[in-house]
Amino acid sequence: MQHSWIAILAGLPLIVGAGVPPERPIPQAQHSGVPAGVVEVNFLTRILQDGGSRDRAPRRRAPSRQQGRGAIPQPPALADVPLPIPKPGGEVGKTTEAPQPAERPADKSVVPEAQPPVAQNRPSENPQSPPPSPPVVEQPGTATEPAHEAEVPTPLPKPGTAAADAQTADKPNQVATPGTDAAKPEGTTEDGKQPDEQKAEAPPPPPPPPLVKEEPEELKACLAELSSLGAKFEPTDPIDEGNGCGIESPIDVAAVLPGVEVGATMRCKTAVSLAHWLKDTVQPALDIAMPGRRITGLVPGSTYACRLRNSASTGKISEHARGNAFDVAAFKLDNGEKLEMKPRAEDSTMEGAFQRTATAGACLHFTTVLSPGSDAAHQNHLHLDVLERKDGYRYCR
């Protein structure tokens, strides 16, 4: 019941037109039960007064943006505005002092007037200004050193002219340019050495090796062995062509074995090695590769010849020049065919197998064997020689 009355009283202002009830008189301090200095307030009355005052309270309007845009902005302080540096004027090297900023006005609302730009003298606008001076080089990093004019190098006079001759006469001790005749002392070569010094530095060419000396007993035994093998040969006169070329006891071999013609001049030791190679290695290999065929001769490539190795212009003397070497260009067969010597490392035929076998077996009889294709100088022949090396070393390729 009590709650119902409170609801009725709360809706009473709407019923009576939101009228404000008359203010109740403030009780005096001497009212019984209320202490002095305390004001008694009706809660319902205060709510009604506050609600009416809120409805009637005028609203404050926010400042319009239009007014903010139209307002004149405050200018920045003159001390913060950079001033342009004036361009140097008539005299070069002088720097015009920048004007000091004016004192800041006391009233910030007053906008200072814009300073007019500093007038600059240009040749086209001010014809009375003096012509520009030569360029000035300022020393970087030094404030005490004065500026000086740029140094322009003076071109040297062309050699062979009168000006160049005069300049050379003024400087007699000047070093001449490399590559000219004046840079070289008299009597010197292109490398700057005296002729006598150049001759002294060049080592003399080594003397040619002497002819191979034949021991009488060894030569007698060699000739006897060659005769027992059935070779046909005749001793001939000694050969001495100088520069190490020659054979002290040469023999002309017509057939190194019975029925195997050669027709070459060589030392006895070379002929004996050739005979054993053909008898013990070549003919047995041919019997397997081509049964019934026999070797009737050799086609020589190179025999005795006074030259250097590989016919070069410089280098060591060849073993052909000493009667120690024999080159086989082909084998002659009894049916008239010839087995030519050529590179056969990849030849899978019986001829290839025969040549590789004969070449490998030659290293048992000769100290040097160079098969076809071993180098550029040996492409179409087999080189064999009996050069004596230390400890019986053999070179077979």
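Just so you know, these numbers come straight off a predicted model, no measurement behind them. For every chain, the first residue of the written sequence is number 1, and numbering continues from 1 along that sequence. Totals for whole chains, interfaces and linings use all residues, but because this is a predicted model, local features are given only for residues with pLDDT of at least 70 and pairs of side-chain atoms are given and counted only at 80 or more. Side-chain metrics in this entry use all non-hydrogen atoms of the structure; hydrogen atoms and water are not considered.

How should the packing of helix α6 (residues 216-228) against helix α7 (residues 268-289) be read in this particular structure?
Two packed helices can be described by the angle between their axes and the distance between those axes. Interaxial angle, 0 to 180 degrees, is taken between N-to-C directions of lines fitted to C-alpha atoms, where a helix line uses only the stretch in contact. In this text, helices come from DSSP runs of H or I with a minimum length of four residues, and strands from runs of E with a minimum of two, each type numbered from the N-terminal end. For the pair α6 and α7, interaxial distance at closest approach is 9 Å and the crossing angle is 35 degrees. The way α6 lies across α7 gives a crossing that is left-handed. Across the interface between the two elements, Leu219, Cys222, Leu223, Glu225 and Leu226 from α6 touch Cys268, Lys269, Ala271, Val272 and His276 from α7. Working rule for handedness: look at the near helix, and if it is turned counterclockwise from the far one by less than a right angle, call the crossing left-handed; if clockwise, right-handed. Two residues form a contact once any of their heavy atoms are found within 4.5 Å.

Hey, could you run me through the packing of α7 against helix α8 (residues 350-362) in this one?
Where α7 contacts α8, the two axes come as close as 9 Å, and the packing angle between them is 160 degrees. As the angle between them shows, α7 and α8 are arranged roughly antiparallel. Relative to α8, the crossing made by α7 is right-handed. Facing Trp277, Thr281, Val282, Ala285, Leu286, Ile288 and Ala289 of α7, the residues of α8 in contact are Met350, Phe354, Thr357, Ala358, Gly361 and Ala362. For the contact of α7 with α8, a count of residues per class yields 10 nonpolar, three polar and no charged. The cut-offs work like this: below 35 degrees is roughly parallel, past 145 is roughly antiparallel, 65 to 115 is roughly perpendicular, and the gaps in between are oblique. Three categories are distinguished: nonpolar for Ala, Val, Leu, Ile, Met, Phe, Trp, Tyr, Cys and Pro, charged for Asp, Glu, Lys and Arg, and polar for the others, with Gly belonging to the last.

For this particular structure, what's the right way to read the pattern of salt bridges?
Side-chain pairs of opposite charge can arise whenever the charged atoms involved come near each other. Put simply, a salt bridge is a Lys or Arg side-chain nitrogen that is within 4 Å of an Asp or Glu carboxyl oxygen. Within this structure, the stated rule accounts for seven salt bridges. One salt bridge in this structure joins aspartate 347 and arginine 344, with 2.8 Å as the shortest N-O distance. Each residue is assigned to one of three classes by its accessible area relative to the maximum for its type, calculated with a 1.4 Å probe on protein chains only: buried under 20%, partly exposed between the two thresholds, exposed over 50%. With a relative accessible area of 19%, aspartate 347 lands in the buried category.

Got a minute to help me understand the state of the cysteines in this structure?
Between two cysteines, a covalent bond joining their sulfur atoms is known as a disulfide. Counting rule for disulfides: a pair of cysteine sulfur atoms within 2.5 Å. Summed over the entire model, instances satisfying the criterion amount to three disulfides. A sulfur-sulfur separation of 1.6 Å characterises the disulfide bridge that pairs cysteine 363 with cysteine 396. When the S-S torsion is 75 degrees, as for the bridge of cysteine 363 with cysteine 396, the disulfide is right-handed. Remark: cysteine 396 occurs in strand β13 (residues 395-396) and cysteine 363 occurs in the loop between α8 and β11 (368-370); sequence separation between them is 33 residues. With a relative accessible area of 24%, cysteine 396 lands in the partly exposed category. Counting only the cysteines that take part in disulfides, in the order they occur along the chain, gives the pairing 1-3, 2-4, 5-6.

I would appreciate a short explanation of the pairing of strand β6 (residues 251-257) in the present structure.
Walk down a regular strand and you will see the side chains alternate between the two sheet faces. Counting buried positions over the seven residues of β6 gives five, a clear majority of the element. Strands pair, by our definition, only if DSSP identifies at least two bridges between them. Here strand β3 (residues 232-235) runs beside β6; their pairing, made up of four bridges, is antiparallel. Each bridged residue has a counterpart across the sheet, and for glutamate 234 the counterpart in β6 is aspartate 252. The pairing of β6 with strand β7 (residues 260-266) spans five bridges and is classified as antiparallel.

For this particular structure, what's the right way to read the side chain of histidine 320?
If you trace the backbone, histidine 320 turns up in the loop between β8 (295-300) and β9 (325-333). Judged by its relative accessible area of 2%, histidine 320 falls in the buried class. The contact partners of histidine 320, leaving out residues within four places of it in the chain, are Ser302, Thr303, Tyr304, Ala305, Arg307, Ala325, Phe326, Asp327 and His383.

Sorry if this is basic, but what is going on with the packing of aromatic side chains here?
Note on aromatic pairs: each is described by the distance of the centres and the angle between the planes. We call Phe, Tyr and Trp rings a pair once their centres come within 6.5 Å, taking the six-membered ring for Trp, and we label the pair stacked below 30 degrees between planes, edge-to-face above 60, and tilted otherwise. The full count for this structure, using the stated rule, is three aromatic pairs. Relative to phenylalanine 331, the ring of tryptophan 277 has its centre 6.0 Å away and its plane inclined at 45 degrees; by these criteria the two rings are tilted. Separated by 54 residues along the polypeptide, tryptophan 277 in helix α7 and phenylalanine 331 in strand β9 bring together distant segments of the chain. Each member of the pair, tryptophan 277 together with phenylalanine 331, is buried. Clustering of aromatic rings is evident, with ring pairs tying together Trp277, Phe331, Phe354 and Phe366. Above the face of the tyrosine 395 ring, arginine 397 is positioned so that its terminal group lies 4.3 Å from the ring centre. Ring-over charges, as used throughout, are those where CZ of Arg or NZ of Lys falls within 6 Å of the ring centre and within 35 degrees of the ring normal.

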